[in-house]
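# Observations on chain architecture
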Amino acid sequence: MALGTVTVKSKDGGNGVFTSSEKQFLYIGAAGKNAGTVQYIDQTTDLDDVLGIPSSKMKTTIDWARNNAGTNWTAIAMPLATAGEWEDAFDIAMAQNIVCEAVVVTDPVTEQSEIDTMYSAVTSAENQYGRYLHLFAVTDVINAATQSWEDMIAAFDALQDGVAAPSVSLVPQVFSGWLGAYCGRLCHEDQSIADTPMRTASGAIVGISTLPSDKDGIAFNMSHAKALNDARGTVPQIYADYDGIYCSDGMTLATEASDFAVIENCRVVNVVKREVRLLAIK
C-alpha cells in the first residue's frame, strides 16, 4: 500500500496590481529651456523654471492642462530646441520606456503628411514595444487679425480629410490653450477614462468664460463647433441659458462608423490590451 505524501507549492496567478500609465500624458514640443531632457511635472512645478520664462506653445498647453485636471495630476515633458522635431524625442521616449498613456505634440501641424507620420509612430510603438498609445496633434490658433472662422474650418477640414488614423486626434486650436484644457479634462482624477470629456458633472473649462472672435468680430458659436465636430475635431461648446464653456466629445481620426471614433472607447480598449498583454507574457 502506497504512503500518502503532500507537496505544497506557490503559484503566481497574476492577480497583482498592474503598473498604470493612465492619465499621464507625455508632452513634446519646442520650449525655451531644457531642450533634449525629460522633465517630470506636477501641480507644484514652476513651469518657468523647467520650460523657460519666454512663452511657448508647450508651456501654455501644460499650464492649461494642469488647471483643468485634478490635484494629483502629473505629466512628462520633453522640450525641444526647434518646433516640429518631435520624432526623435518620441523614439527616445519609447527606447527609455517612459510610462505614459498618450503623447501630445504641442507644435501645430500644417500638412496632412505630418499626421500620417504621427500615426506611423504610434503604430511602430505598438509593433516594436507592445505599447498602446494615443497621440494628440493640434492646428495653429486662429489669427483673429486675418482669419475668419470659415477660413479656419475649411483649412481644418482639408487637413483631416481622407485620413484613417484611430490612434490620432487632431484638435482645432480654437483659442490658445484649448489643446491643454482638453488634455487636462481627460486626466481629471475624479473621472473615469471611460467618461466622455463632454461631461458637465466635473464643471466647466477652467480659465475661459468668453469664446474668441474672428477677424470680422464674430464670436465662436455652436454652428462653428458643429462644423469642426463634423470634421472630427474636438471643440469647446456652450449650452443655451447655462453658464460655462464645456467640451464636445473627444473625436479621433477613425473611419466612419468606427467603434474608435471617440477617445473614451480608445482609452478603455487600450487599458485592456495593456493588461492582457502582461497576463499573456506570464
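Look up a bit, the structure's there.
Residues numbered from 1 in each chain as written. Predicted model: local features only at pLDDT ≥ 70, side-chain atom pairs only at ≥ 80, totals over all residues. Heavy atoms only, no water.

## Concerning the packing of aromatic side chains
One pass over the full model with this rule turns up 10 aromatic pairs. On the numbers, 5.3 Å between centres and 55 degrees between planes, the contact of W64 with F175 is tilted. Taken together, the residues W64 in helix α2 (residues 57–67) and F175 in the loop between β6 (168–171) and α6 (178–186) connect sequence positions 111 residues apart. The same class applies to W64 and to F175, which are both buried. When the centroid spacing of 5.8 Å and the interplanar angle of 55 degrees are considered together, the rings of F175 and W178 count as tilted. The buried category is assigned to W178, whose relative accessible area is 0%. (Phe/Tyr/Trp six-rings, centres within 6.5 Å; stacked < 30°, edge-to-face > 60°. Helix = DSSP H or I, 4+ residues; strand = E, 2+ residues; numbered from the N terminus. Buried < 20%, exposed > 50% of the residue type's maximum accessible area, 1.4 Å probe, protein only.)

## What to know about the environment of T255
Among the secondary structure elements, T255 is positioned in the loop between β8 (242–247) and α8 (263–281). In this structure the C-alpha to C-alpha distance between T255 and V163, which are 92 residues apart in sequence, comes to 8.0 Å. The residues touching T255, leaving out its near neighbours within four places in the chain, are A164 and R232. (Contact = heavy atoms within 4.5 Å.)

## Concerning the packing of helix α3 (residues 86–95) against helix α4 (residues 112–129)
α4 packs onto α3 with a crossing angle of 15 degrees between their chain directions and a minimal axis gap of 11 Å. For the element pair α3 / α4, the angle class is roughly parallel. With respect to the hand of their crossing, α3 and α4 are arranged in right-handed fashion. Only T117, M118, A121, V122, A125 and Y129 of α4 make contact with α3, whose side of the interface consists of W86, E87, F90, M94 and A95. (Axes fitted to C-alpha atoms, helices over the stretch in contact; angles between N-to-C directions. Parallel < 35°, antiparallel > 145°, perpendicular 65-115°, else oblique. Left-handed = near helix turned anticlockwise from the far one by under 90°.)

## With respect to a negative patch on the surface
On the surface, a cluster of negative charge is contributed by E85, E87, D88 and D91. Along the chain, D88 turns up in helix α3. (Patch = residues over 30% accessible without salt bridge, like charges linked within 9 Å, V, L, I, M, F, W, Y side chains within 5 Å. Areas by Shrake-Rupley, 256 points an atom, 1.4 Å probe, with all protein chains shown as cover. Salt bridge = Lys/Arg side-chain N within 4 Å of Asp/Glu carboxyl O. Lys, Arg positive; Asp, Glu negative; His and termini not counted. Charge placed at Lys NZ, Arg CZ, Asp CG, Glu CD.)

## Some thoughts on the environment of S113
Position of S113 among the secondary structure elements: in helix α4. With a relative accessible area of 46%, S113 lands in the partly exposed category.

## Digging into the nonpolar core
F25, Y27, I28, I62, F90, V103 and F136 are the most contacted members of the largest nonpolar core, which has 75 residues in total. Per-element tally for this core: the top contributor is α6, with six residues. Leaving out residues up to four positions away in the same chain, F25 has contacts with A75, I76, C100, E101, A102, V104, F136, C183, L186, C187 and R267. (Core = buried A, V, L, I, M, F, W, Y, C linked by side-chain atoms within 4.5 Å.)

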